[in-house]
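Architecture and fold: a report
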Amino acid sequence: MATTKPPPNITFFFLLLVLHFNLGKSQLQLNYYTNSCSKAEEIIKQQVFQLYNKHGNTAISWVRNLFHDCMVKSCDASLLLVTGGGVVSEQTAERSFGMRNFKYVNIIKDAVEQECPLTVSCADIVALSARDGIAMLGGPNIEMKTGRRDSKESYATMVEEFIPNHNDSIFSVLSSFQAIGVDIEATVALLGAHSVGRVHCKNLVHRLYPTVDETLNPSHAAYLKRRCPTPHPDPKSVQYVRSDLKTPMIIDNNYYKNILQHKGLLTVDEELATDPRTVPYVEKMADDNEYFRQQFSRAVVLLSENNPLTGDEGEIRKDCGYLNGK
Ligand code: HEM
Ligand SMILES: *[C@@H]1O[C@H](CO)[C@@H](O)[C@H](O)[C@H]1NC(C)=O
């Protein structure tokens, strides 16, 4: 007698198995720490605020950290691992040039650890500190999900694959963002982060020497040459230009006004203002700060939710610079 139906106990076992895997697959959620560490978000915000008051640039760094962490595989704090014990830090990659203030991340983490040990991930600190940094810099208030977990490895060798170079074209930048589910309008909005912070001469002299890039606004080019007087800046001297001279510490739509006047510092800033796929959004953002703020919020959330580790994946690091037990 051939059996066509599996015995009921096997069916039942299979059902349990499917159920188990579905339950094991967690997702990010709003207020993930409500029960496990109800003050987590408040503590992080307070630390970001205090650090901003001491070193305003920290807020800028938290924004760039979100980009460099989330873009490379996942928002998993892989960026924060330092070199040692078999780990090569992503911070040492050439694309991380100019990143600063990493030493202050653990001040935030330590404050959270004191309240709830081994509960809040460094990945969520990367995300929430960026969110709070944006608010400190006059940007929008963004609602963000949490529940990310920390990677157990650094992806230093993959940084170049995911983080665009200073001289990459808009074509390659759009496709890098598209690959992680960030649409063109959101990509245009994210680049509004370049309305704060600085660019070192090293990253823009190729547009000044031996001849000035003819797409650059001539009076701005003259200013840039005064700030960066030699084609080969001494890597030890900190020569840089602020991205937005008018409101250098405010995340606003002034970036779009600048790039429409061809005062963008990076190749991608300039090309954003001329590519037919991006120009309509650039013009609208330059015109309407409220629209920029809405799109920027949406885009930051998209970026912050790239491929997170959740549930029992990864770990909750104690020290953001080191894997647990190392
Ligand atoms: C998409 C292509 C992008 C490229 C090619 C790019 C490249 C760069 C470069 C070369 C610098 C200057 C580094 C230096 O010389 O010190 C910089 C600075 C910065 N970038 Fe981007 N970036 C991109 C997108 C983004 C995004 C999406 C964000 C955040 C949402 C971001 C946030 C920042 C911030 C805040 C700074 C200033 C950092 C500081 O002053 O410490 N960038 N970027
Ligand atoms: C971009 O700059 C790098 C050095 O940072 C250089 O090696 C590369 O050839 C440049 N690429 C383009 C497309 O100009």
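Residues numbered from 1 in each chain as written. Chains lettered and ligands numbered in written order. Predicted model: local features only at pLDDT ≥ 70, side-chain atom pairs only at ≥ 80, totals over all residues.

This is how it is decided: UniProt positions are given in the numbering used here, feature names are shortened, and annotations may be inferred rather than shown by experiment.
As annotated in an unreviewed UniProt entry, the protein is Peroxidase from Lupinus albus. Reading the Function (unreviewed entry) entry of the UniProt record for the protein gives the comment "Removal of H(2)O(2), oxidation of toxic reductants, biosynthesis and degradation of lignin, suberization, auxin catabolism, response to environmental stresses such as wounding, pathogen attack and oxidative stress. These functions might be dependent on each isozyme/isoform in each plant tissue." Quoted verbatim from the Subcellular location (unreviewed entry) heading of the UniProt record, the comment on the protein is "Secreted".

1. Observations concerning the site of ligand 1
Put simply, the test is: Only the C-beta atom matters for nearness: placed from the backbone, it must lie within 6 Å of the molecule or strand for the residue to count as near. Working definition: helices are DSSP H or I runs of at least four residues, strands are E runs of at least two. Numbering for both runs from the N terminus. By the convention adopted, Pro, Cys, Tyr, Trp, Phe, Met, Ile, Leu, Val and Ala count as nonpolar, Lys, Arg, Asp and Glu as charged, and the other residues, Gly among them, as polar. Note: domain ranges come from an automatic or database domain assignment.
Taken together, 24 residues surround ligand 1, and among them Gly98, His166, Ala193, Gly197 and His200 come closest. Contributions of two or more residues to the shell around ligand 1 are made by helix H3 (57-70) and strand E1 (198-200). The element that contributes the greatest number of residues to the shell around ligand 1 is H3, accounting for five residues. Among the residues forming the shell around ligand 1, the class breakdown is 13 nonpolar, seven polar and four charged. Residue-level mapping places the shell around ligand 1 at the junction of two domains, with at least three residues from each of domain 1 (40-162) and domain 2 (170-303).

2. Digging into the packing of H3 against helix H5 (residues 122-136)
Quick reminder of the rule: As a rule, the C-alpha atoms of each element are fitted with a line to give its axis, helices using only the stretch in contact, and angles between N-to-C directions run from 0 to 180 degrees. For classification, angles of less than 35 degrees are called roughly parallel, those exceeding 145 degrees roughly antiparallel, those between 65 and 115 degrees roughly perpendicular, and all remaining angles oblique. Put simply, a crossing is left-handed when the front helix is turned counterclockwise from the back one by less than a right angle, and right-handed when it is turned clockwise. We call two residues in contact whenever the C-beta atoms placed from their backbones are within 7 Å.
The N-to-C vectors of H3 and H5 enclose an angle of 140 degrees; their axes lie 8 Å apart at closest approach. If you check the angle between H3 and H5, you find them oblique. In terms of crossing hand, the pair formed by H3 and H5 is left-handed. Along the contact surface, H3 presents Ala59, Trp62, Val63, Asn65, Leu66 and Asp69, while H5 presents Val126, Ala127, Ser129, Ala130, Gly133, Ile134 and Met136.

3. Observations regarding the UniProt feature "active site" (unreviewed entry) in the protein
Rules: Exposed residues have 12 or fewer other C-beta atoms within 10 Å of their own C-beta, buried residues have 20 or more, and residues in between are partly exposed; the C-beta atoms are placed from the backbone.
The UniProt record annotates "active site" (unreviewed entry) at His68. Within the secondary structure, His68 sits in helix H3. C-beta crowding within 10 Å serves as the criterion here: with 20 such atoms nearby, His68 is assigned to the buried category. Each residue touching His68, except ones within four places of it in the same chain, is listed here: Leu79, Ser96, Met99 and Ile163.

4. Examining the domain arrangement of the protein
Each assigned domain of the protein is listed with its residue range as follows: domain 1 (40-162) and domain 2 (170-303). Residue-level contacts link 16 residues of domain 1 with 16 residues of domain 2. Ranked by residues supplied to the side of domain 1 that touches domain 2, first place goes to H3 with five residues. Across the side of domain 1 that touches domain 2, the residue classes tally to twelve nonpolar, four polar and no charged.

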